[in-house]
Amino acid sequence: MKIICVGRNYVEHIAELHNERPDEPVLFIKPDTALLGKEFPFVIPDFSQDIHYEAEVVVKITKVGKYIDAKFASKYYEQVSLGIDFTARDLQSKLKEKGLPWEKAKAFDNSAFVGDFIAKETVGSLDQLAFSLKQNGTVVQQATTDQMIWKIEELIAEISKYFTLKTGDLIFTGTPAGVGRVAPGDSLEGFLGDKKVFDLIVK
Ligand code: ZN
């Protein structure tokens, strides 16, 4: 399986990182080794002094697809969750400055965490889905999916132009404003609507 991530999909997050609003979705891929097992803590890697959390709605693909039309895209996933796209912001800034690929900063081992999946029918409208992340009990990110520049169905259509989607692939749909640094001892809690989908400890 692979993890396809969307960058710059929320206007306020684009502004907080002083990025340009893209004309089309920014896509990057994390390999299967990036997936952090649910039973483990997130351990801060020693190559970064500035690991950020990015809370994102995650979609799990349930069938193979290529050139998927946005109007049929809802047939390609059944479940959603909230995940964290851990990012070595210090490394990413250096790579961006030089125009180099982001992989070292984005696709390192255990850089993708996903909470419990929920049947999409039970979360209400996917275009109005509220989600939030708490760090040590304080809400640090809170948004709804209607703030996305590209909606889930449009993302599936765009992604599948370039990358065949396969059963089990995960799509991280982009982070809203409020990203920030994690520190050892942090507790991170993710909520989709009012349902808690994960508890994660940082070490
Ligand atoms: Zn992200």
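Please read all numbers here as calculations on a predicted model, not as lab measurements.

(A) Region of the structure containing the coordination of the zinc ion. Summarising the metal site, the zinc ion is bound by the protein donors Glu54 (OE), Glu56 (OE) and Asp85 (OD), whose distances to it range over 1.9 to 2.1 Å. In the primary sequence, the donor residues of the zinc ion line up as E-x1-E-x28-D. Here Asp85 lies in strand 5 (residues 77–85) and Glu54 lies in the loop between strand 3 (51–53) and strand 4 (55–61), a separation of 31 residues in the sequence. Accessibility expressed as a relative area gives 4% for Glu54, which makes it buried.

(B) Structural context of the sheet that holds strand 9 (residues 130–135). If you trace the 4 strands from one edge of the open sheet to the other, you get 10-9-13-14, paired in antiparallel fashion. The open sheet terminates on both sides in strands that have one partner only, identified here as strand 10 (138–144) and strand 14 (195–201). Across this sheet, the average inter-strand angle for adjacent strands is 15°, counted without regard to direction. Relative to strand 14, strand 13 (residues 187–192) runs antiparallel, the two sharing 6 bridges. For Glu189, the partnering residue across the bridge sits in strand 14 and is Asp199.

(C) Region of the structure containing the packing of aromatic side chains. Applying the stated criterion across every chain yields a total of 6 aromatic pairs. Consider the rings of Tyr10 and Phe131, whose centres lie 6.3 Å apart with planes at 70°: the pair is edge-to-face. Here Tyr10, found in the loop between strand 1 (3–7) and helix 1 (11–16), pairs with Phe131, found in strand 9; they are 121 residues apart in sequence, far enough to count as distant. Note on accessibility: Tyr10 and Phe131 belong to one class, buried. Measuring from centroid to centroid gives 6.3 Å for Tyr162 and Phe163, while their planes differ by 50°, and the two rings are tilted. Just above the ring of Phe117 sits the side chain of Lys60; from NZ or CZ to the centre is 4.5 Å.

(D) Quick look at the pattern of salt bridges. Counted by the stated rule, this structure contains 11 salt bridges. Between Lys2 and Asp169 there is a salt bridge, with its nearest N and O atoms 2.6 Å apart. Taken together, the residues Lys2 in the segment before strand 1 and Asp169 in the loop between helix 4 (152–162) and strand 11 (170–172) connect sequence positions 167 residues apart. Like Lys2, the residue Asp169 is buried in the burial classification. In this structure, the salt-bridge partner of Asp69 is Lys71, at a minimum N-O distance of 3.6 Å. Exposure remark for Asp69: the relative accessible area of 36% places this residue in the partly exposed category.

(E) Inspection of the side chain of Thr175 at higher detail. If you trace the backbone, Thr175 turns up in the loop between strand 11 and strand 12 (180–181). By relative accessible area, Thr175 is classed as buried at 3%. Looking at Thr175, its side chain comes within polar contact range of the main-chain oxygen of Ala55, at 2.9 Å. Of the polar contacts made by the side chain of Thr175, one reaches the side chain of Gln141; its length is 2.9 Å. With near-sequence residues (within four places) excluded, Thr175 lies in contact with Tyr10, His13, Glu54, Ala55, Glu56 and Gln141.

(F) Fine view of the sheet that holds strand 3. Pairing is antiparallel across the open sheet formed by 3 strands, whose spatial order is 6-3-12. Two strands in the sheet have a free side with no partner beyond their single neighbour: strand 6 (87–88) and strand 12. For strand 3 and strand 6, the ladder comprises 2 bridges, and the chain directions are antiparallel. Counted as the bridge partner of His52 is Thr87 from strand 6.

Cut-off values and rules
Residues numbered from 1 in each chain as written. Predicted model: local features only at pLDDT ≥ 70, side-chain atom pairs only at ≥ 80, totals over all residues. Heavy atoms only, no water. Donors = N, O, S within 2.8 Å, 3.2 Å for Na, K, Ca; no water. Helix = DSSP H or I, 4+ residues; strand = E, 2+ residues; numbered from the N terminus. Buried < 20%, exposed > 50% of the residue type's maximum accessible area, 1.4 Å probe, protein only. Pairing = 2+ DSSP bridges. Axes fitted to C-alpha atoms, helices over the stretch in contact; angles between N-to-C directions. Phe/Tyr/Trp six-rings, centres within 6.5 Å; stacked < 30°, edge-to-face > 60°. Lys NZ or Arg CZ within 6 Å of the ring centre and 35° of its normal. Salt bridge = Lys/Arg side-chain N within 4 Å of Asp/Glu carboxyl O. Polar contact = N/O pair within 3.5 Å; in protein donor to acceptor, adjacent residues only side chain to side chain. Contact = heavy atoms within 4.5 Å.

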